[in-house]
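Residue-level structural notes
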Amino acid sequence: MQLTKEQRIFIVEKYFHEKSSQQVIQSFQEHFPERQSPTKMTIWRNFTRYRTEGTSLNLNKGRSGRKRTGRSEEYVRIVQGELAENPQISARKSGSDVTKSTFNRIITLDLEWHPYKMHVRNKLLDNDLLRRLNFAQWFLQRNVRFVNDIVVGDEAAYHLNGKVNNHNVHTYAPKNQPPNFNFGVGISREKVSVWMELRGNGHVIASYFYNNNLNGVEYLDLINNRIVPRLLETYGNRINRTWWIQDGAPAHRTVVIREKLNELFGNRIITLNQRIEWPPQIA
């Protein structure tokens, strides 16, 4: 239990007159009988603090604990200025010379800002809801093993122009004040793409890498020389009951591609403008 202000004053005054810690202890016991007497070291420290600081009160507030270095007022001002100039700045690109953890603490604790992440949303048209509902109802009527007969083909692009995954795109703003912001990219069209072939149960059948965009001619070559041999190897004679799913990308809708897919799968095709239509903006 810490000494009260009255008790500290009593100790200093008694020691000033008595010059004896033992005499101070005896006087303290008589004056504060319900309080445990201070030790000689406590008496000496209180008197020394009064002599050097002009008070015997506890001056630990603001002095105890590890000294703040990274989150100094100077660094807080620097980070605040950087955010005002560029709210999308990252700790790596900051010129404040503070660590990543200190940079984030300054933003969240001192400035009370929050990193907001960009979310990409696809716009749905008026009739898209009905088309999605129709597909869902049709799918729910299939047999539980139907997913094992589904093959999904889709591609993803990895750009070389600075365009990144939106998980890495964020901007800082005051808490509870989410901003509206855009993320610009360069004009370079260089990219590496990967085409994946998946079973309906999530198992990867194959993946193929190629440069830039996939046109109808290249897609037909991919089907003839890579996709079909891999499907025959995976399904064998069961390929005759396999369903093919793809989105409505331009390369998927050329005449030669439609004819080839009809030859391979007949009416077991789920894609744009087919009897069973792959629902819009579902992936």
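One structure accompanies this document, and this report is about it. (Residues numbered from 1 in each chain as written. Predicted model: local features only at pLDDT ≥ 70, side-chain atom pairs only at ≥ 80, totals over all residues. Heavy atoms only, no water.)

Here we look at the packing of aromatic side chains
Under the counting rule described, the total for this entry stands at 17 aromatic pairs. In this arrangement the basic side chain of Lys19 is found over the ring face of Phe16, its NZ or CZ atom lying 4.7 Å from the centre. (Phe/Tyr/Trp six-rings, centres within 6.5 Å; stacked < 30°, edge-to-face > 60°. Lys NZ or Arg CZ within 6 Å of the ring centre and 35° of its normal.)

Focus: unusual backbone geometry
Of note, the phi angle at Glu112 is positive, near 55 degrees, even though the residue is not glycine. Of note, the phi angle at Asn273 is positive, near 65 degrees, even though the residue is not glycine. Mapped onto the elements, Asn273 comes out in the segment after β7 (269–270). (Helix = DSSP H or I, 4+ residues; strand = E, 2+ residues; numbered from the N terminus.)

So, the environment of Ile205
As for its position among the elements, Ile205 is in strand β5 (residues 204–211). On the accessibility criterion, Ile205 (7% relative accessible area) is buried. Taking the C-alpha atoms as reference, Ile205 lies 9.9 Å from Gly153; in sequence the two are 52 residues apart. (Buried < 20%, exposed > 50% of the residue type's maximum accessible area, 1.4 Å probe, protein only.)

Describing helix α3 (residues 40–53)
End to end, α3 covers 20 Å across 14 residues, agreeing with the expected 20 Å (1.5 Å per residue, within 8%). Regarding α3, the residues found buried are Ile43, Asn46 and Phe47. End-on, the buried residues of α3 take up no more than an arc of 95 degrees, which puts them together on one face. Exposed and oriented more than 90 degrees from the buried face of α3 are Arg45 and Thr52. Those residues of α3 that are buried are in contact with α1 (5–18) and α2 (21–31). Of the residues trailing α3, Gly54 is marked for its positive phi of about 85 degrees. (Expected span 1.5 Å × (residues − 1). Arc of directions from axis to C-beta. Contact = heavy atoms within 4.5 Å.)

Comments concerning the pairing of strand β4 (residues 191–199)
Looking at chain direction, strand β2 (residues 150–159) and β4 are connected through 9 bridges and run antiparallel. Bridge pairing links Val152 to Leu198 in β4. Sheet analysis places β4 next to β5, joined by 7 bridges and oriented antiparallel. Its bridge partner lying in β5, Val194 is registered against Phe209. The turn joining β4 and β5, which pair antiparallel and follow one another in sequence, is formed by 4 residues; a positive phi near 95 degrees is taken by Gly202. (Pairing = 2+ DSSP bridges.)

Some points on the nonpolar core
One finds Trp195, Tyr219, Ile227, Leu231 and Trp244 to be the most contacted residues of the largest nonpolar core, which totals 20 residues. For this core, the secondary structure elements donating two or more residues are β5, α7 (216–235) and α8 (255–265). When neighbours within four sequence positions are excluded, Ile227 is seen to be in contact with Trp195, Glu197, Tyr208, Tyr219, Leu222 and Trp244. (Core = buried A, V, L, I, M, F, W, Y, C linked by side-chain atoms within 4.5 Å.)

A short note on α8
Taken residue by residue, α8 has Ile257, Lys260, Leu261 and Phe265 as its buried positions. Burial along α8 is one-sided: seen end-on, the buried residues are contained in an arc of 105 degrees. Turned more than 90 degrees away from the buried face of α8 sit Glu259 and Glu263, all of them exposed. For α8, the elements touching its buried residues are α7, β6 (243–245) and β7.

Overview of the sheet that holds β2
Whenever strands of a sheet pair, they do so through backbone hydrogen bonds, lying parallel or antiparallel. If you trace the 5 strands from one edge of the open sheet to the other, you get β5-β4-β2-β6-β7, paired in mixed fashion. The open sheet has two edge strands, β5 and β7, and neither has a second partner. Judged from the 3 bridges that link them, β2 and β6 form a sheet pairing that is parallel. What sits directly across from Val151, in β6, is Trp244.

Details of the pattern of salt bridges
Counted under the stated rule, the structure contains 7 salt bridges. For Glu233, the salt bridge identified is with Arg230, shortest N-O distance 3.4 Å. On the criterion of helical spacing, the pair formed by Glu233 and Arg230 is a turn pair, its members being 3 residues apart in helix α7. With a closest N to O distance of 3.7 Å, Glu263 and Lys260 form a salt bridge. A residue pair is termed a helical-turn pair when its members lie 3 or 4 positions apart in one helix, as Glu263 and Lys260 do in helix α8 at 3 residues. For Glu263, a relative accessible area of 59% gives the class exposed. When salt bridges that share partners are traced, they join Asp128, Arg131 and Glu277 into one network. (Salt bridge = Lys/Arg side-chain N within 4 Å of Asp/Glu carboxyl O.)

What about the environment of Leu198?
Tracing the sequence through the fold places Leu198 in strand β4. Remark: the alpha-carbon pair of Leu198 and Val152, spanning 46 residues in sequence, is separated by 5.1 Å. Filtering out sequence-adjacent residues up to four positions away, Leu198 remains in contact with Ile150, Val151, Val152, His203, Val204 and Ile205.

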